[in-house]
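A look at the structure
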2 protein chains.
Amino acid sequence: MIVYFTFDPRPDLKEGLIQDFPTIDFIFHDNMDHTVLKEAEVIVTYGEDIEAEQIRLAKKLKWIMVASAGIEKMPQKEIAERGIVVSNVRGIHKVPMAESVLAHILSYKRGLAWIYEQEQKAEWNRKSKATELHGSTALILGPGAIGSEIGRLLQAFGVHTIGCNRSGNTADYMDDMISFSALLKELPSADIVISVLPSTPDTQHLLNSEHFKAMKGSALFMNFGRGDLVSTDVLINALNAGEIAHAVLDVYEEEPLPADHPFWQMSTVTVSPHVSSHSSRYLERSLEIFKPNLTKWLEGDTDLINKMDITRGY
Amino acid sequence: MIVYFTFDPRPDLKEGLIQDFPTIDFIFHDNMDHTVLKEAEVIVTYGEDIEAEQIRLAKKLKWIMVASAGIEKMPQKEIAERGIVVSNVRGIHKVPMAESVLAHILSYKRGLAWIYEQEQKAEWNRKSKATELHGSTALILGPGAIGSEIGRLLQAFGVHTIGCNRSGNTADYMDDMISFSALLKELPSADIVISVLPSTPDTQHLLNSEHFKAMKGSALFMNFGRGDLVSTDVLINALNAGEIAHAVLDVYEEEPLPADHPFWQMSTVTVSPHVSSHSSRYLERSLEIFKPNLTKWLEGDTDLINKMDITRGY
């Protein structure tokens, strides 16, 4: 049985796989080879190299393990028709994303960008405008696995956490919970507004200009979910009108962000190039999900961890 | 009774004092006026404007409230001879210092300085070298009030904490404790080495080149205590030899750090200009200690919170 990685993991990770599964032929490439594709029963991929053509060629393919969260770009119809099992690595973004969100919040509160600027100028200037995170209030849009981990860490810093989802049903590490419909009323109490919402019909342009008018003038807004939560114009206007103090963005309506986009030049915006989930331990964590799944697979059990419903896209 | 502030607090903080203590004559200046000095029973100061001459002039002075931690520069002999009570704001640095330390650690692990650089170049580059804090080991030199608060927060991020003090006696939020004498043996296990030690005969040049050789090549070293913990040359040599990966420094052997100091230009050093305890809430917190003390004082009780032993310097 051939398990085909269409990327090339670190040597120690490859050796671990080969040792743990001596009966399997692992093939590791850093791109897609069609000769191997035709023989593979399992493909491990980042998901961007699989189109309808690849599915047609891969006659023996029965399971695609996608080492990312989304499968938006994959040929869902062709995969479903063939009955190919798809699984992903949902959940492994929790730790790096929450650490990135806390890094940006603390950097903003403790003036790290300003410290780095003084350093570049070799200037000993102690007039830092540092504030404290302790005692502030954070509103978290999307308190799922990632949002709750952010809530847990914020609570450790003495932050009051308010979760906000569609239903208003309770979530972990939230001091209060509200539904989307109560959002406008609650925004004036928040010092930090963080979204980790996915893109769904309910969340697209969920925030409009009224929401930003309702926020504190000192508020920090962070979008680490999907770029279509708020239109770029609404956000730029809110920042330029001083309705909020600063935005830290990891996602955008258009990615890559064009070189002439206003965000790059705005001192009230921190541009993070969609890297908040990146981690040197990403693949290690992906394999921690893949290995027990491969054991199941060898036993004929196709009820895999993180098995996806390909027709629904999640 | 005159209470003389030799600095000028925010209007809301002044009004709060005047309302809470209607029988007291508060005088607020942004410098030291000798006419007022002669009449004041209590002086509230940052401590740098009081020399032997001021003590001689202040005939009615009975209590100096120092809104900082150290009194190294004050005329200790003259104060002690007059039996003047001195109190300080010990303890109010805990929250901002711990937040600064966590901000720098997370910024380093999640690559924020790199993100800010890409932003300056308006360059969408996703090749971030971000790593995770989770699962690492931190060795904390000086697990007192500040060090333990750092330990508490690190534990929330899934970090194993090792405290190190002179005695090796237990401290809060430390998974393990060691004494100074066991330091060299323990250093190879630490991913992060953080000092918040004060300057005492035991801590001056506590770290020498052997200690840096014992650290991991990937280690992050942070000095947020006092600059004389390690000689500048030892630290520069260790960084240039790759014995550790990076240093974040808030304190230095010489402050201000001279404009031509090598640290400014070293990519392996983050220079913070001794601002880690700064906070917009600093004075608010100082007054939270001063007000109950002033109530005690009015009742004739001189057993103040944070009363200092002026002859010992702490």
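Residues numbered from 1 in each chain as written. Chains lettered and ligands numbered in written order. Predicted model: local features only at pLDDT ≥ 70, side-chain atom pairs only at ≥ 80, totals over all residues. Heavy atoms only, no water.

As annotated in an unreviewed UniProt entry, chain A carries the name D-3-phosphoglycerate dehydrogenase and comes from Viridibacillus arenosi FSL R5-213. The Sequence similarities (unreviewed entry) field of the UniProt record for chain A holds the comment "Belongs to the D-isomer specific 2-hydroxyacid dehydrogenase family." (UniProt positions renumbered as here; feature names shortened; annotations may be inferred.)

With respect to the overall build of chain A
Along its length, chain A carries 11 helices and 12 strands. Counting all 314 residues of chain A, 56% fall into the buried class. Taking contacts inside chain A between residues at least 6 apart in sequence as the whole, the part at least 24 apart equals 57%. Working note: accessible area of chain A is about 13,600 Å², and carbon and sulfur atoms make up 48% of it. (Helix = DSSP H or I, 4+ residues; strand = E, 2+ residues; numbered from the N terminus. Buried < 20%, exposed > 50% of the residue type's maximum accessible area, 1.4 Å probe, protein only. Contact = heavy atoms within 4.5 Å. Areas by Shrake-Rupley, 256 points an atom, 1.4 Å probe, with all protein chains shown as cover.)

Here's the deal with the environment of Val66 of chain B
Residues and elements named next belong to chain B. Mapped onto the elements of the fold, Val66 is located in strand E4 (residues 63–66). Looking at Val66, the relative accessible area reads 0%, which means it is buried. When the C-alpha positions of Val66 and Thr45 are compared, they lie 5.1 Å apart, and in sequence the two are 21 residues distant.

Considering the nonpolar core
Counting 60 residues, the largest nonpolar core has Leu154 of chain A together with Leu154 of chain B as its most contacted members. Leave out the neighbours within four places in its chain, and Leu154 of chain A touches Leu102, Ile105, Leu133, Ala138, Ile140, Val159, Thr161 and Ile194 of chain A. (Core = buried A, V, L, I, M, F, W, Y, C linked by side-chain atoms within 4.5 Å.)

Describing the domain arrangement of chain A
Many structure descriptions define interface size as the accessible area lost when the parts assemble. Looking at the assigned domains, one finds that chain A contains domain 1 (2–88 + 281–298) and domain 2 (94–271). Centre-to-centre, using C-alpha coordinates, domain 1 of chain A lies 35 Å away from domain 2 of chain A. (Domains from an automatic or database assignment.)

Focus: the sheet that holds E4 of chain B
Residues and elements named next belong to chain B. On the basis of which strands lie adjacent, the open sheet formed by five strands has the order E2-E1-E3-E4-E5 and parallel pairing. At either end of the open sheet lies a strand with only one pairing partner, and these are strand E2 (25–28) and strand E5 (85–87). Along the sheet, successive strands turn relative to each other by an average axial angle of 15°, direction set aside. Relative to E5, E4 runs parallel, the two being bridged by three bridges. Residue pairing across strands places Ile64 opposite Val86, the latter belonging to E5. (Pairing = 2+ DSSP bridges. Axes fitted to C-alpha atoms, helices over the stretch in contact; angles between N-to-C directions.)

A few points about the relation of the copies chain B and chain A
Superposing chain B onto chain A requires a rotation of 180° together with a translation of 0.0 Å along the rotation axis, leaving an RMSD of 0.1 Å. Such a combination of turn and shift is consistent with a two-fold rotation axis. Within chain B, Ala103 of chain B has its C-alpha nearest the rotation axis, a separation of 2.9 Å. (Least-squares fit on C-alpha atoms with pLDDT ≥ 70 in both.)

Details of unusual backbone geometry
Note: most peptide bonds trans; most residues except glycine with negative phi. All names here are of chain A. Here the amide bond leading from Glu255 into Pro256 is cis, since omega sits at -5°, within 30 degrees of zero. By the element assignment, Pro256 lies in the loop between strand E11 (246–249) and strand E12 (269–271). One non-glycine residue, Ala122, lies in the positive phi region at around 50°. Residue classification places Ala122 among the buried positions, given a relative accessible area of 17%.

Here's the deal with the pattern of salt bridges
Summed over the entire model, instances satisfying the criterion amount to 28 salt bridges over all chains. Two residues, Lys77 of chain A and Glu81 of chain A, come together in a salt bridge whose shortest N-O distance is 3.5 Å. Of the two residues, Lys77 of chain A and Glu81 of chain A both sit in helix H4 (residues 76–82), four residues apart, roughly one turn of that helix. A residue is classified by how much of its surface remains accessible, and Lys77 of chain A, at 57% relative accessible area, is exposed. Exposure remark for Glu81 of chain A: the relative accessible area of 58% places this residue in the exposed category. One salt bridge in this structure joins Asp12 of chain B and Arg10 of chain B, with 2.9 Å as the shortest N-O distance. Judged by relative accessible area, which is 38%, Arg10 of chain B ranks as partly exposed. Each of Glu132 of chain A together with Arg281, Glu284 and Arg285 of chain B takes part in one network of salt bridges that share partners. (Salt bridge = Lys/Arg side-chain N within 4 Å of Asp/Glu carboxyl O.)

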